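Residues per chain are reported as follows:
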Amino acid sequence: MASRSAKSIFSPGFTSSPSHQPHPNSKSSSISFLRSRSRSTDHAGLTISLQRSSSSFCPYSQSLTLSRCLAITNALKTTEYSHETKSGDLDGTVSSETRPRPTILVSEKLGEAGLELLRSFGNVDCSYDLSPEQLCEKISSCDALIVRSGTKVTRQVLEAAKGRLKVVGRAGVGIDNVNLQAATQFGCLVVNAPTANTVAAAEHAIALIAAIARNVAQADASMKAGKWQRNKYVGVSLVGKTLAVMGFGKVGSEVARRAKGLGMQVIAHDPYAPSDRARAIGVDLVSFDQAISTADFISLHMPLTPTTSKIFNDDTFGNMKKGVRIINVARGGVIDEEALVRALDSGKVAQAALDVFTEEPPPNGCKLVQHENVTVTPHLGASTKEAQEGVAIEIAEAVVGALKGELSSTAVNAPMVPHEVLTELAPYVVLAEKLGRLAVQLVDGGSGIKTVKVVYESARDPDDLDTRLLRAMITKGIIEPISSSFINLVNADFTAKEKGLRISEERVVVDASPEFPVHSIRVLISNVESKFASSISEHGEISVEGRVKYGVPHLTRVGSFEVDVSLEGNLILCRQIDQPGMIGQVGNILGESNINVSFMSVGRTFRRNKAIMAIGVDEEPDKEDLRKIGTVPAIEEFVFLKL
């Protein structure tokens, strides 16, 4: 067991979380990418202190910097497009005047301002409505591709590029139509334009709120049918009504500002929104359940993730006030559309206004679209002239920057890392992300996550460690499960600051093998409530700790309880009275539902006292299975976690 030294420092770094039990075939190497004199900084919401670092050997270059190592493939490919003129080069370098201009394929309509910017840098090919086969044929001669939502950038497209394609630009926010994994594999950077359409989307949400409050669409259709039905289309006033904004990011906060101007009472739910930012515009942050149960109008501005998919379903609608009105200009998949039809038919939901759908366009005869109490628009949230021009400029700037070799803050996939480095870091990167993912799922309540501390235990001198990649992966694990953000080394700090998330790092020197850079990683989240009280440390923080054993990430501590479970599949944590037969009882409940148990581990404080049972399961238990586990008399609390 490693012993901790009194020496500890705060510093950022690029860590590989080590294993105190290394894999028999693992190879060690000392990697240090940080070369800086001691200085203190608060960068992108991260409290860190940089220490003077000594050089250590990297097999790819003895002076290889972090950004060069991470972007080595893209950087080498894009330097040929630099616009800096090198007059008088005597080393055989080709001057920028003789270098070929990059070819940029624009497969869907883009604003003229963006096209002009692209033409000033490269050769622009505007070819619209390409079939998948035509796109694959064209892409091999292109250095950049700009798409909207209609073009599918599949693995086949990226393979057809034969390594020439350097950047894909998505003119908009969502990137469901781009295969990120394949893009990263082929060294292709993916960038988007997340800010330019914020006001347009917010204005459209307000327009839909007003439209359903006063039955604008229904009254319009009635008059065009030759009717005059004033009594039928009596509306409701917005003044004094409660609006719940579900997702308090850029668009959600703009909707809140405008709704306050209309005299509405605004509440919001977002686990990451800083409460002081919400209070500044007169908005109260509340829990999900409180938001949906008290609101007269509910406006959705959350991303579509596995956590939010069909989060508005029969159960959710059942907890709402009768006569609630729902507006969605975010993502169609967050609503169970069949459940919404049932809620409309029963009168639980009085009206809905939808700009987005699970399938776009919706099929002919769609009950939801045809429903009398539903107002629909064909995904017009970002469709204003001003927004379209803004998106065009934003994506053009990002693409040109990428072709110059610059790493954009709007990059949504990680730059390429040399294979050998990725191989060594792989299990530690996985550990970091899963600890972040596990910790955020333990958070309960609507106050929001503001402060995260990461503690790295290592036998190495802190100057030899650079934990930036691990910090990025912890940030990824914390933010991605309930956000549309895609986190990597390029945008982790930027995204954390944008969401008001402050991450501090501490290094603790321990007596362990220096062969591996890190002995353990501990993630602590402060000033939040927990769904699982046993995860709270003696200092009042949610605390989870892990290590890599034989190349596999393991959870080794939850709160004050020691456990030893592989972070694979899904996890059930139970706090129980330590007594015989507990494993069998829970195992039988899961077995009856054909749920395979991959492992079990019990950590306890004292014999016959309290214990934590950690159960790994291959399948996800349904609500009834979890209810049965909760009825076992000796189980005091439990939580199901997706890893």
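Notes on the structure in this doc start here. Bear in mind the structure is a predicted one, so any value in this text is a computation, not a measurement.

Turning next to the sheet that holds strand β5 (residues 123-126). If you walk across this open sheet you meet the five strands as β5-β4-β6-β7-β8, and the pairing is parallel. Of all strands in the sheet, those bounded by a partner on one side alone are β5 and β8 (189-192). Here the average twist between neighbouring strands, direction ignored, is 20 degrees. Summarising the sheet, strand β6 (residues 144-147) and strand β7 (residues 167-170) pair through four bridges and their orientation is parallel. Of the residues in β7, the one forming a bridge with V147 is R170. The sheet strands contacting helix α15 (residues 385-403) are β4 (103-106), β6, β7 and β8, and the helix crosses β7 at an angle near 170 degrees.

Turning our attention to helix α13 (residues 337-346). Within the sequence span of α13, burial applies to E337, A339, L340, V341, A343 and L344. For α13, the secondary structure elements touched by its buried residues are α12 (314-318), β13 (324-328), β14 (349-354), α14 (367-370) and β15 (374-376).

Looking now at the sheet that holds strand β11 (residues 284-285). Pairing in this open sheet of seven strands is parallel, and the strands run β11-β10-β9-β12-β13-β14-β15 from one edge to the other. Single-partner strands in this sheet number two, and they are β11 and β15. Of the pairings in the sheet, the one linking strand β9 (residues 242-246) to strand β10 (residues 265-269) comprises five bridges and is parallel in character. Looking across to β10, one finds that M246 is bridged to H269. Taken strand by strand, helix α7 (residues 198-213) contacts β9, β12 (297-300), β13, β14 and β15, and its axis lies near 150 degrees from that of β13. With respect to the sheet, helix α9 (residues 250-261) is in contact with β9, β10 and β12, its orientation differing from that of β9 by roughly 170 degrees.

Inspection of the secondary structure puts N192 in strand β8. Setting aside its immediate chain neighbours within four residues, N192 contacts R170, G172, V173, I175, I395, T410 and V412. Reaching out from N192, the side chain makes a polar contact with the backbone oxygen of V173 at a distance of 3.0 Å.

Here α7 contains 16 residues, and its C-alpha end-to-end distance of 23 Å stays within 8% of the 22 Å for a straight helix at 1.5 Å per residue. Here α7 lies mainly inside the structure; twelve of its 16 residues are buried. Considered for burial, the residues of α7 that qualify are T198, A200, A201, A202, H204, A205, I206, L208, I209, A211, I212 and A213.

Once that is clear, we can look at the packing of α7 against α9. Contact geometry of α7 with α9 gives a least axis separation of 8 Å together with a crossing angle of 50 degrees. By the angle between their directions, the pair α7 and α9 is classed as oblique. Like other packed secondary-structure pairs, α7 and α9 cross with a definite hand, here right-handed. Residues T198, V199, A201, A202, E203, A205 and I206 of α7 form the contact with α9, whose participating residues are K250, V251, E254, V255, R258 and A259.

As for its position among the elements, T316 is in helix α12. Residue class for T316 comes out buried when judged on its relative accessible area of 6%. Along the sequence, T316 and D289 sit 27 residues apart, while their C-alpha atoms lie 8.5 Å from each other. Look past the residues within four positions of T316 in its chain and what remains in contact with it is F288, I292 and I311. Looking at T316, its side chain comes within polar contact range of the main-chain oxygen of I311, at 2.6 Å. Here N313 takes part through its side chain, which lies 2.9 Å from a polar atom of the side chain of T316.

Another aspect to go through is the pattern of salt bridges. For the structure shown, the criterion picks out 25 salt bridges. R437 is the salt-bridge partner of E433, the closest N and O atoms lying 3.1 Å from each other. One end of the pair, E433, and the other, R437, are both in helix α16 (residues 419-441), four residues apart, so they sit about a helical turn from each other. Using a relative accessible area of 17% as the deciding quantity, one classes E433 as buried. Measuring nitrogen to oxygen at the nearest pair gives 2.3 Å for the salt bridge that ties E636 to K610. Here K610 lies in strand β26 (residues 610-617) and E636 lies in strand β27 (residues 635-642), a separation of 26 residues in the sequence. One salt-bridge network, in which partners are shared between bridges, spans R575, K610, E636 and E637.

The peptide bond linking E360 to P361 adopts the cis configuration, its omega dihedral lying at -10 degrees. Tracing the chain through its elements places P361 in the loop between β14 and α14. A positive phi angle is found at K310, which is not glycine, with a value near 55 degrees. Mapped onto the fold, K310 is located in the loop between β12 and α12. According to the relative accessible area criterion, K310 is partly exposed, its value standing at 46%. The phi dihedral of N594 falls on the positive side, at around 60 degrees, and the residue is not glycine. By the secondary structure assignment, N594 is in the loop between α19 (582-592) and β25 (597-604).

Core analysis: the largest hydrophobic core is formed by 52 residues, its most contacted members being I449, L555 and L571. Of the residues forming this core, the biggest block, nine residues, is contributed by α16. Judged by nonpolar contacts, the second largest core, of 30 residues, contains A295, F317, M320 and L340.

The next subject is the environment of V167. Position of V167 among the secondary structure elements: in strand β7. For V167 and A402, which are 235 residues apart along the polypeptide, the C-alpha to C-alpha distance reads 6.7 Å. Among all residues touching V167, those that are not within four sequence positions of it are D143, A144, L145, C188, L189, V191, V399, A402 and L403.

With respect to the secondary-structure elements, E505 resides in strand β18 (residues 502-511). Judged by relative accessible area, E505 falls into the buried class, the value being 0%. Side-chain polar atoms of E505 contact the side chain of Y456, separated by 2.6 Å. For E505, the side chain forms a polar contact with the side chain of R471, separated by 2.9 Å.

Where a strand is regular, its side chains alternate between the two sheet faces. A large share of β14 lies buried, amounting to five of its six residues. When β13 meets β14, the two strands line up parallel, connected through five bridges. When the sheet's bridge partners are listed, I327 is paired in β14 with A353. Running through α13, the crossover from β13 to the neighbouring parallel element β14 is right-handed. Relative to β15, β14 is paired through three bridges, and the arrangement is parallel. Within β15, the residue paired with A353 across the bridge is T375.

Each value, and the rule that gives it
Residues numbered from 1 in each chain as written. Predicted model: local features only at pLDDT ≥ 70, side-chain atom pairs only at ≥ 80, totals over all residues. Heavy atoms only, no water. Pairing = 2+ DSSP bridges. Helix = DSSP H or I, 4+ residues; strand = E, 2+ residues; numbered from the N terminus. Axes fitted to C-alpha atoms, helices over the stretch in contact; angles between N-to-C directions. Contact = heavy atoms within 4.5 Å. Buried < 20%, exposed > 50% of the residue type's maximum accessible area, 1.4 Å probe, protein only. Polar contact = N/O pair within 3.5 Å; in protein donor to acceptor, adjacent residues only side chain to side chain. Expected span 1.5 Å × (residues − 1). Parallel < 35°, antiparallel > 145°, perpendicular 65-115°, else oblique. Left-handed = near helix turned anticlockwise from the far one by under 90°. Salt bridge = Lys/Arg side-chain N within 4 Å of Asp/Glu carboxyl O. Core = buried A, V, L, I, M, F, W, Y, C linked by side-chain atoms within 4.5 Å. Right-handed = clockwise from strand over helix to strand, strands pointing away.

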